Amino acid sequence: MNCEGGMESGDKRLLNAKALKAQEIKEQWTLMSLAGPTLLIIVLVIFIPVGWLFYLSFIDGDGQFTLEHYRKMIEYKSYARTFVTTFEVSLLTTLICIVIGYPLAYFLALLPARWSGIFMLAVLLPFWTSLLVRTYAWLVLLQRKGILNDFGQHIGLWDSPIKLVHNMTGTLIGMAHIMLPFLVLPLYGAMKKIDQNMMYAASNLGASPVKAFWQVYFPLSLPGMVAGSLIVFVLCLGFYVTPAVLGGGRVIMVATQITAILENQFNWGSASALGVVLLFATVVVLYLAARFFKLDAALFGKS
Amino acid sequence: MSWWTSPASDTQVTHGARFWLYVVAAIIMLLLVIPTFIVIPMSFSDSQYLEFPPSNWSVRWYDEYFGSSKWMRATVTSLQLGVLTMLLATPLGTMAAYALFVSRHKVTKVIFMLLITPLIVPVILIAIGVFYAFGRVGLNNSIPGLVIAHTAMATPLVMIVITAALRSYDLNQERVARSLGATRLKAFFTITLPQIKFSVITSALLSFLTSFDEVIIAIFVSGGSNATLTKRMFSALRDFIDPTIAAISTIMVLVSTILLLATQAIGSKGKKS
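Position numbers for residues start from 1 in each chain and track the written sequence from start to end. Ligands are numbered from 1 and chains lettered from A, in the order in which they are written. Local features in this predicted model are restricted to residues whose pLDDT is 70 or higher, and side-chain atom pairs enter the listing and the counts only when it is 80 or higher, whereas totals over whole chains, interfaces and linings include all residues.

Residue-level account of the overall build of chain A, with values.
Strands are runs of DSSP state E lasting at least 2 residues, helices are runs of H or I lasting at least 4, and numbering of each runs from the N terminus. In terms of regular secondary structure, chain A is built from 14 helices and zero strands. Reading the helices (α) and strands (β) of chain A from amino to carboxyl end gives α-α-α-α-α-α-α-α-α-α-α-α-α-α. Radius of gyration here uses only the C-alpha atoms, and the compact-globule reference equals 2.2 Å multiplied by the residue count raised to the power 0.38. Here the C-alpha radius of gyration of chain A, 26 Å, is well above what a compact globule of 303 residues would show, namely 19 Å. Structurally, chain A occupies a C-alpha span of about 95 × 75 × 30 Å along its principal axes. Each residue is classed by its C-beta neighbour count within 10 Å, where at least 20 other C-beta atoms makes it buried, 12 or fewer makes it exposed, and intermediate counts make it partly exposed; the C-beta atoms are placed from backbone geometry. Going through the 303 residues of chain A one by one, you find that 39% of them count as buried. Note on contacts: residues are paired as contacts if their backbone-placed C-beta atoms lie within 7 Å. Partitioning the intrachain contacts of chain A with sequence separation of at least 6 by distance along the chain shows that 74% fall at a separation of at least 24.

Quick look at the structure:
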């Protein structure tokens, strides 16, 4: 009604413009205030504590400004090793997840909805299970007298029990298992959005199934794969539990180092500085990805 | 024509040509699921050591778990935290998601990004930060402190689930109700909420599980008589392997399986209605 009427209602609107504007602002603020409590909690739990750590990372024992905590990271070899290990574990875990996750997501995406729902449970069940439980399960499976060692010896892959856990191998196996759903779910989402007609068109134009896959399907699934890989990589960077248990003290990642510094030296400055660097690395990775891959569209699914 | 030579799609692919994919996918799915279920037979072993398959069966680790006041107390703490987090995170997250979705203000995008930072900031950093800040105000080792911290971790997930639900819901229905005289509050509760209720339930289950399974913040912030189940499990895993963990793990797998199947059932119901 108020759209029609031209001048007349236009004048009316002009008369009420001030009141209308005031009411709109009031409504916007009322709405915004609904997000207030959540914002308060996030500020209390994330912004103030992390900000405080940021401050602590620049303060020495006497309360003076210092860059010592950051200088230590460059000077001491153990820090460099920690960063290299963290990067190595994160990268390898991401690569393993891509190699294993792509065929699985592809398989799930090909299935009719009725079946994919059932097989999807294989991805969702581990996702919903406590990571402590899964880490414990791998500890059992990978130990010297575990099933995997027995099986390997039984079929003659190796003669004596090999060390599968409390080292890098165990850490990577456990982490890949825990991270896989984070790759498969966005990748599956991206694959489901691919228009099947594209594949028909490729086939119709004479492409073999293999060629059609690599030239049409794969490029279209890339945004989902990039989004999933990023989530995995970023989560790996700050991961604590699995490397601590399955690494058996041999795989020192940044998170492990932070806890060790706090437990052994009670040095808040060093621990904070390490945490700040970790956060910085995470933000840089996400920022670069957002720039190059239009990440928000892939992550938050603007459909 | 057998299944092997029958076409798998309309692009010259047969099931036979794709058979390798089925095999690979089956192996991967088994590798995903087996570790989750391996704890069940382990928990009925009679042995002190991690042997598989167990040579003798018993329920002694369940006796151990249910008979230990330490484990029982930790379980009660974790359940309490899970329920309180769920009761806090679900309404708060829903309110925030609704507000940011409906409002057309320019800052909504910025606020949304601020509210999902718990998903971006490494949890270890949140954990030590909260440990430090809570230490200053005496909230460490307390239930309220842990509930606040876990709520911050769960709310972003609630927001993402509810925002996705609101996207597929036609907001004009609420406008109709309001133009017919309903207040915004009434329109929300009588028109919008019933239509997104399955997503609200899913997000509630998700926030319960987020708190119940949370390890790292609990390691730092919980302690003493308020230590959570996950904190006790973690130290038991790191120091020496107590087979009681197999019994606890079995119960946890059971809980998450039930919750997952519940959300799946809710999801299919939600699609139908």
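Pulling in residues and values, what's your account of the overall build of chain B?
For chain B, the helix and strand inventory stands at twelve helices and zero strands. Counting from the amino terminus, chain B carries its helices and strands in the arrangement α-α-α-α-α-α-α-α-α-α-α-α. Computed over the C-alpha atoms, the radius of gyration of chain B is 24 Å, more than 25% above the 19 Å expected from 2.2 N^0.38 for a compact globule of 273 residues. In chain B, 71% of the contacts between residues at least 6 apart in sequence involve partners at least 24 apart.

Run through the confidence of the model for chain B, naming residues and quoting values.
For chain B, the average pLDDT comes to 86, and 95% of its residues sit at 70 or higher. Across the assembled chains, the prediction reports ipTM 0.85 with pTM 0.86. What pLDDT conveys is the predictor's confidence in a given residue, as a value from 0 to 100.

Break down the interface of chain B and chain A for me, citing the residues and quoting the values.
Tallying the contact residues gives 70 residues for chain B and 69 residues for chain A. If one sorts the elements of the side of chain B that touches chain A by residue count, helix H1 (residues 19–37) of chain B sits on top with ten residues.

An account of the nonpolar core is requested, with residue identities and associated values reported.
For soluble globular proteins, nonpolar side chains are generally found buried alongside one another. One nonpolar core equals one set of buried Ala, Val, Leu, Ile, Met, Phe, Trp, Tyr and Cys residues connected by C-beta atoms within 7 Å. Counting 146 residues, the largest nonpolar core has Met-179 of chain A together with Ala-127, Ile-128, Val-130 and Ile-217 of chain B as the members making the most contacts within it. Setting aside residues up to four positions removed in sequence, Ile-128 of chain B forms contacts with Leu-53, Ile-258, Leu-262, Ala-271 and Gly-275 of chain A together with Phe-220 of chain B.

Provide a residue-level description of the environment of Leu-235 of chain A, including the pertinent values.
Residues and elements named next belong to chain A. Note that Leu-235 resides in helix H10 (residues 209–237). Along the backbone, Leu-235 and Phe-182 are 53 residues apart, and their C-alpha atoms lie at a distance of 9.4 Å. Aside from chain neighbours lying at most four places away, what touches Leu-235 is Met-179 and Phe-182.

Provide a residue-level description of the environment of Tyr-169 of chain B, including the pertinent values.
Residues and elements named next belong to chain B. Among the secondary structure elements, Tyr-169 is positioned in the loop between helix H7 (143–167) and helix H8 (172–179). According to the C-beta neighbour criterion, Tyr-169 is partly exposed, with 16 such atoms within 10 Å. Separated by 23 residues in sequence, Tyr-169 and Thr-192 have C-alpha atoms that sit 8.3 Å apart. In contact with Tyr-169, other than residues within four places in its own chain, are Thr-192, Gln-195 and Ile-196.

Break down unusual backbone geometry for me, with residues and values.
At His-166 of chain A, a position not held by glycine, the phi torsion is positive, near 65°. Note on placement: His-166 of chain A falls in the loop between helix H7 (147–154) and helix H8 (168–193). Judged by the 19 C-beta atoms lying within 10 Å of it, His-166 of chain A is partly exposed. Although it is not a glycine, Asn-141 of chain B adopts a positive phi angle of roughly 60°. Counting through the fold element by element, Asn-141 of chain B comes out in the loop between helix H6 (123–137) and H7. Residue Asn-141 of chain B is classed as partly exposed on the basis of its 16 C-beta neighbours within 10 Å.

Provide a residue-level description of the packing of H7 of chain B against helix H9 (residues 184–213) of chain B, including the pertinent values.
All names here are of chain B. Between H7 and H9, the least distance of the axes is 9 Å, while the angle of their chain directions is 160°. Taken together, the axis directions place H7 and H9 in an arrangement best described as roughly antiparallel. Viewed along their axes, H7 and H9 form a crossing whose handedness is right-handed. Counting all contacts with H7, which are made through His-150, Met-153, Ala-154, Leu-157, Val-158, Val-161, Ile-162, Ala-165 and Leu-166, the residues of H9 involved are Ile-196, Ser-199, Val-200, Thr-202, Ser-203, Leu-206, Ser-207, Thr-210 and Ser-211. Across the contact of H7 with H9, the residue classes tally to eleven nonpolar, seven polar and no charged. Angles run from 0 to 180 degrees between N-to-C directions of axes, and those axes are lines fitted to C-alpha atoms, restricted for helices to the stretch in contact. What sets the label is the angle itself: under 35 degrees gives roughly parallel, over 145 gives roughly antiparallel, 65 to 115 gives roughly perpendicular, and the rest give oblique. Two helices that cross are described as forming a left-handed crossing if the nearer one is turned anticlockwise from the farther one by less than a right angle, and a right-handed crossing if clockwise. Ten residues, namely Ala, Val, Leu, Ile, Met, Phe, Trp, Tyr, Cys and Pro, are considered nonpolar, four, namely Asp, Glu, Lys and Arg, are considered charged, and the remaining ones, Gly among them, are considered polar.

How would you summarise H1 of chain B if you had to cite specific residues and measurements?
Expected helix span is taken as 1.5 Å per residue step, with the number of steps being one fewer than the number of residues. With 19 residues, H1 of chain B extends 27 Å from end C-alpha to end C-alpha; this agrees with the ideal 27 Å at 1.5 Å per step. For H1 of chain B, the set of buried residues is Ala-25, Leu-32, Pro-35 and Thr-36 of chain B.

Which residues make up the packing of helix H2 (residues 36–56) of chain A against helix H13 (residues 268–293) of chain A, and what values go with them?
Residue and element names in this part refer to chain A. Viewed as axis vectors pointing N to C, H2 and H13 meet at an angle of 115°, and their least axial separation amounts to 8 Å. Once H2 is placed against H13, the crossing between them reads as left-handed. Where H2 abuts H13, its residues Leu-53, Phe-54 and Leu-56 lie against Trp-268, Gly-269, Ser-272, Gly-275 and Val-276. Residue composition of the contact of H2 with H13, by class: five nonpolar, three polar and no charged.

Can you lay out the environment of Met-120 of chain A for me, pointing to particular residues and giving the numbers?
Examined against the element boundaries, Met-120 of chain A turns out to sit in helix H5 (residues 113–128). Along the chain, Met-120 of chain A and Tyr-188 of chain A lie 68 residues apart, while their C-alpha atoms are 9.9 Å from each other.

Give me the lowdown on the confidence of the model for chain A, citing residues and values where you can.
On average, residues of chain A score 84 in pLDDT, and 92% of them reach the 70 mark or higher. Overall, residues 1–10 of chain A carries pLDDT values under 50, and its contacts beyond four positions in sequence, including any with other chains, amount to one contact.

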